[in-house]
Amino acid sequence: MTDNNSLTRRKFVKLAGAAGGALLLAKSTNVFAALAKKGNIASRGYAAVDTSGKLVPWQFERRPVGDDDILIDIKYASICHSDIHQEKGHWGPTQYPQVPGHEIVGVVAAVGKNVTKFKVGDRAGVGCMGNSSLENLDGLENEEQYSPDTVFTYGFPEKSSPTGISQGGYSNNIVVRDHFAVHIPNHISFQEATPLLCAGITTYSPLMRAHLKKGLKVGVAGIGGLGYMAIKLAVSKGAEVYAFTTSASKVKDILAFGAKEVIVVDGPGKLAAYKGKMDYMISTIPYKYDVAAYASVVKPYGTFTQVGMPEGFELTMNNFALSLSRVNFNASLIGGMKETQEMVDYCADNKVLPQIQIIRADQINEAWDNVINKKARYRYVIDASTF
């Protein structure tokens, strides 16, 4: 593009974000047609245009399919609480318009000349990562999420993107480097596979590193989009699972997931009664909360892992209270690509399947409100044919 065209695009993005969804819907097609770079992929989806958290239809372009890329026709994409935090600006300044979504499944529609991992027609899934030079991976063979060169699936600066940032899976297609896609086995449905690409790997990775075995007492705090998967995975490994939730309405569901006991945390006394009883605990709570109080239910020298990402990424901990528990506290970020494929295969083979609700694209905003208000049961999956 010429400098003038680049300036025009920047002006358009700025104006579109300010004017909101109506202007985007009315003008984006013509503007992008005028600015189109040869080989770009036309795409349509739902985008955030400001911090309101209300998404609107948007037509945009993705980069051409490069030598190491694949183009996926998306069949389903599911909703993660991270999508809401990101688009509301809870994690810092956000560039708009921005298409969220990092739980994505579909069919490979095109492959670059260097691609051998996939062929056209393959079932494929994409999670939280989409591109990288694959440099600076020394010692990170299965931990690409920690590489400074990794481009996350949406809202991340990406020079090859026509919009300047990566755009996610609330859309009809996506272009990613083949390294960051996994094969979806034939014996799991697209719909059920979708939440595994974030909720599945985010809980699977730390749970497997905890060396779960029969009889191990595992606590799961926060039974929402991630917590219920943690329960199912831990139970599948023979662990004795105790679920800690603030939602009394979920007790029946949680027991059906295989938990031995459900603790409705409606007061500090509920946690005190379980002090030092868990061998391990994973927290998926995506808000600020009393971490030390929850960690106290773990045995001395046991491990407490935080995977929920609260607003501002910050947690408040009473160091004295935490020291009394003598618990090893850590955090975990999704998982690498080798581990993600391992997780998808494990869940398909062992029928560790998500609880899902299929929705249309025009129901996304309502679904987001339900996630915020803890009404989701348990993962909303968007039918991409409705974009």
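Residues numbered from 1 in each chain as written. Predicted model: local features only at pLDDT ≥ 70, side-chain atom pairs only at ≥ 80, totals over all residues. Heavy atoms only, no water.

Okay, unusual backbone geometry next. Tyr96 connects to Pro97 through a cis peptide bond whose omega is -5 degrees. Examined against the element boundaries, Pro97 turns out to sit in the loop between helix H3 (81-87) and strand E4 (104-111). The omega torsion of the bond from Arg377 to Tyr378 falls at -5 degrees, within 30 degrees of zero and hence cis. Structurally, Tyr378 can be placed in the loop between helix H12 (364-372) and strand E17 (379-383). Positive phi values are uncommon outside glycine, yet Lys351 reaches one of about 55 degrees. Position of Lys351 among the secondary structure elements: in the loop between helix H11 (337-350) and strand E16 (356-359). What makes Lys351 exposed here is its relative accessible area of 53%. (Helix = DSSP H or I, 4+ residues; strand = E, 2+ residues; numbered from the N terminus. Buried < 20%, exposed > 50% of the residue type's maximum accessible area, 1.4 Å probe, protein only.)

In the structure shown here, the tally under the stated rule is 12 aromatic pairs. Note on Tyr170 and Trp368: the rings are 6.4 Å apart at their centroids and 70 degrees apart in plane angle, and the pair reads as edge-to-face. Here Tyr170 is found in the loop between strand E7 (151-152) and strand E8 (173-177), whereas its partner Trp368 is found in helix H12, with 198 residues between them in sequence. For Tyr170, a relative accessible area of 0% gives the class buried. Among the residues examined, Trp368 registers a relative accessible area of 1% and is labelled buried. Consider the rings of Tyr204 and Tyr346, whose centres lie 6.0 Å apart with planes at 50 degrees: the pair is tilted. Note that Tyr204 is positioned in helix H5 (residues 199-209) and Tyr346 in helix H11, a separation of 142 residues in sequence. The buried category is assigned to Tyr346, whose relative accessible area is 13%. (Phe/Tyr/Trp six-rings, centres within 6.5 Å; stacked < 30°, edge-to-face > 60°.)

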